[in-house]
Amino acid sequence: MWKEEDNKLKKTFKFKDFKEAFGFMTRVAFLAEGMQHHPNWSNVYNTVEIELTTHDSGNTVTKKDRELAKAIDEIN
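Residues numbered from 1 in each chain as written. Predicted model: local features only at pLDDT ≥ 70, side-chain atom pairs only at ≥ 80, totals over all residues. Heavy atoms only, no water.

A. Structural view of helix α2 (residues 63–75). Taking 1.5 Å as the rise per residue, α2 with 13 residues should run 18 Å; its terminal C-alpha atoms sit 19 Å apart, in good agreement. Three or more residues of α2 are buried, namely D65, L68, A69, A71 and I72. Down the axis of α2, the buried side of the element spans an arc of 165°, and every buried residue falls inside it. Among the exposed residues of α2, those oriented more than 90 degrees off its buried face are K63, K70 and E74. (Helix = DSSP H or I, 4+ residues; strand = E, 2+ residues; numbered from the N terminus. Expected span 1.5 Å × (residues − 1). Buried < 20%, exposed > 50% of the residue type's maximum accessible area, 1.4 Å probe, protein only. Arc of directions from axis to C-beta.)

B. Examining the pattern of salt bridges more closely. Within the structure shown, the criterion is met by 9 salt bridges. Ionic pairing is found between D73 and K11, a salt bridge with its closest N-O pair at 2.7 Å. Of this pair, D73 sits in helix α2 while K11 sits in strand β2 (residues 8–14), and the two are 62 residues apart along the sequence. A salt bridge links E20 to K16, with the shortest nitrogen-to-oxygen separation between them at 3.8 Å. (Salt bridge = Lys/Arg side-chain N within 4 Å of Asp/Glu carboxyl O.)

Here it is in C-alpha cells:
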C-alpha cells in the first residue's frame, strides 16, 4: 500500500533477489518514461523503495503521482 507522507507517495517493494528487483526497476523505468513522470527511488539487493512527487507542482502529490503509483502496482 502506498503511504502519503512529506508530500510524497512512498512504497517499499521486496523481491526474491537482486535480479527480480532489478527487473522490476527496468519495467518501472520504461513505464515512467512513457508517462514522462519519473520516480525517486533506491535499490539495495532485493528491496526497491519508491517516492513519487510532482516537482513542477511544488513537490506535492498530484494526479500524475497517483496514476504512476497505480501503474506500478499493476506491473508488480
